[in-house]
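# Notes for the structure review
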Amino acid sequence: MINTAEKDNILSLIGRSQPLFGDDIRNNEDYLSKIIKESRFLVIGGAGTIGSAICRELFIRDPKVLHVVDISENNMVELVRDIRSSSGYGSGEFATFAIDCGSDIFESFMQEQKRRIGGYDYVFNTSALKHVRSEKDPFTLMRMIQTNIFNTDSTMILAKKSGAKKYFCVSTDKAANPVNMMGASKRIMELFLNRRSLELPVSTARFANVAFSDGSLLYGFNRRMEKGQPLAAPEDVRRYFVTPKEAGELCLLSCLTGENRDIYFPKLDEKLNLITFSEIAEKYLRNLGYEPYRCSTEQEARECVAELKAEHRYPVYFFTSDTTGEKDYEEFFMAGEILDMDRFSSVGIIKKEADYDNDKLEYFTKQINMLCRRGCWSRDELVSLFREMLPEFSHKETGKFLDNRM
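Residues numbered from 1 in each chain as written. Predicted model: local features only at pLDDT ≥ 70, side-chain atom pairs only at ≥ 80, totals over all residues. Heavy atoms only, no water.

## Description of the packing of aromatic side chains
Short version of the rule: Centres within 6.5 Å are what make two rings of Phe, Tyr or Trp a pair, Trp counting through its six-membered ring; a difference in plane orientation under 30 degrees is then read as stacked, over 60 as edge-to-face, and the rest as tilted. Counted as over-ring charges are cases with an Arg CZ or a Lys NZ within 6 Å of the ring centre that also lie within 35 degrees of the ring normal.
Scanning all chains against the criterion turns up 21 aromatic pairs. The ring centre of Tyr219 lies 4.6 Å from the NZ or CZ of Arg223, which sits over that ring.

Below, the structure written as structure tokens:
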């Protein structure tokens with residue numbers, strides 16, 4: 001969660017002075033509010049940072065039904081407390097369910113809601129394994145494949161059976177010319193979505209790092225400060241950032257205004273919006289009243305926290321990135337993709353045809369099922385399979401992983 005200090009100053013921390021999507025939301029507010037007021041929504045992964053941001057955007061517009069599914073019951077409790085403490089109560093039905101969307105229980109849940117409320121009009125899926133650090137072992141990689149690709153495919157099938165008008169799923173900027181398995185899994189997911197788009201309209205969003213999202217480096221800054229531990233960050237990695245609210249707004253626009261297979265992304269100016277993690281760390285500390293003190297080693301940083309805090313200074317350890325799957329730059333679209341840059345002031349749209357190779361998707365499914373039945377698989381086998389699926393996949397392998405960093 002974001003504490004009050006970061007929430008008030010988050011734009012300045014990420015190098016911006018104005019929110020991104022205000023004009024586009026205002027220009028479409030009447031349309032958005034009317035649809036939401038009349039519709040039933042399901043948000044899968046709705047207790048995560050992006051999912052909860054979507055829930056807040058929906059709730060303040062008083063939907064007929066808003067149901068939230070997530071495997072984290074603790075985060076779900078916090079979502080409910082946050083909504084009740086900020087927006088109160090709407091006229092529609094708001095309920096949460098601690099369910100794994102890849103389980104038989106979820107399928108039974110969808111059948112019951114079809115009988116009880118007539119199903120959902122719109123399904124948002126924000127459930128994902130998002131960390132590049134998930135690359136290090138074959139077991140986490142297989143769970144990432146199951147979550148990011150096959151759970152997405154199965155929940156879209158269930159959405160169609162539920163009578164949904166539209167399905168939305170979060171993608172990532174890392175799906176454009178992917179260099180890591182997480183980004184490649186999302187690119188393959190997009191291909192599966194394209195196939196299902198012939199049965200049910202779908203739209204997605206690619207966006208950059210969500211500042212202070214659960215598990216992110218900036219989220220970790222809060223935890224390190226709470227525990228009296230030094231901050232560590234790469235000083236050569238420059239990234240685009242959006243706020244959690246902006247992430248929710250982008251997803252809302254994509255789902256409710258996007259045409260079939262549209263991929264929405266934020267228009268960002270490289271000169272204004274790219275910022276390094278080390279720059280954010282320094283801004284973050286100064287915002288809390290500390291002057292950053294650069295240490296030459298992790299050990300030095302760990303040892304001098306108490307001494308420096310007494311002098312209103314704080315230890316930081318900045319390093320050059322050398323871990324597997326770290327992309328040198330960020331991009332939202334690939335060469336040859338058709339763009340609509342005129343519809344919105346702050347949002348670009350990738351216009352997609354139903355471009356997929358059904359034989360390759362079936363082959364991918366068959367190979368993954370075979371590995372699971374075999375009961376063992378290697379990381380190299382999964383990387384090779386991804387390369388077969390994506391000619392543009394240039395896996396960046398260094399042999400080092402984020403879990404080896406402070």
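Having seen it, we continue.
## Let's talk about the sheet that holds strand E11 (residues 263–266)
To keep things clear, this is the line we draw: When DSSP finds two or more bridges between a pair of strands, those strands are recorded as paired. Helical segments are the DSSP runs of H or I of at least four residues, strand segments are the runs of E of at least two, and each set is numbered from the N terminus. Orientation is described by lines fitted to C-alpha atoms, with helices fitted over the stretch in contact, and by angles between N-to-C directions that extend from 0 to 180 degrees.
Strand order in the open sheet made by the nine strands is E3-E2-E1-E4-E5-E6-E11-E16-E15, with mixed pairing throughout. In this open sheet, the two edge strands, each paired with only one partner strand, are strand E3 (93–97) and strand E15 (338–340). Along the sheet, successive strands turn relative to each other by an average axial angle of 20°, direction set aside. Where E11 and strand E16 (residues 347–351) come together, four bridges link them in antiparallel fashion. Along E16, the bridge assignment pairs Phe265 with Gly348.

## Concerning the pattern of salt bridges
For clarity, the threshold we go by: The term salt bridge refers to a pairing of a side-chain nitrogen on Lys or Arg with a carboxyl oxygen on Asp or Glu at a separation within 4 Å.
Counted by the stated rule, this structure contains 31 salt bridges. The salt bridge involving Glu235 is made with Arg294; its shortest N-O contact spans 3.2 Å. Residue Glu235 is located in the loop between strand E8 (231–234) and strand E9 (238–239), and its partner Arg294 is located in strand E13 (residues 291–294); the two are separated by 59 residues in the primary sequence. The residue Glu249 makes a salt bridge to Lys245 at a minimum N-O spacing of 3.4 Å.

## Looking at the environment of Ala247
Just so we agree on the cut-off: Note on contacts: a residue pair qualifies if any of its non-hydrogen atoms lie within 4.5 Å across the two residues.
By the element assignment, Ala247 lies in helix H10 (residues 244–257). Sequence separation between Ala247 and Thr49 is 198 residues; the distance between their C-alpha atoms is 8.8 Å. In this view, Ala247 contacts Ile50, Phe207, Val210 and Val242; residues no more than four positions away in its chain are not counted.

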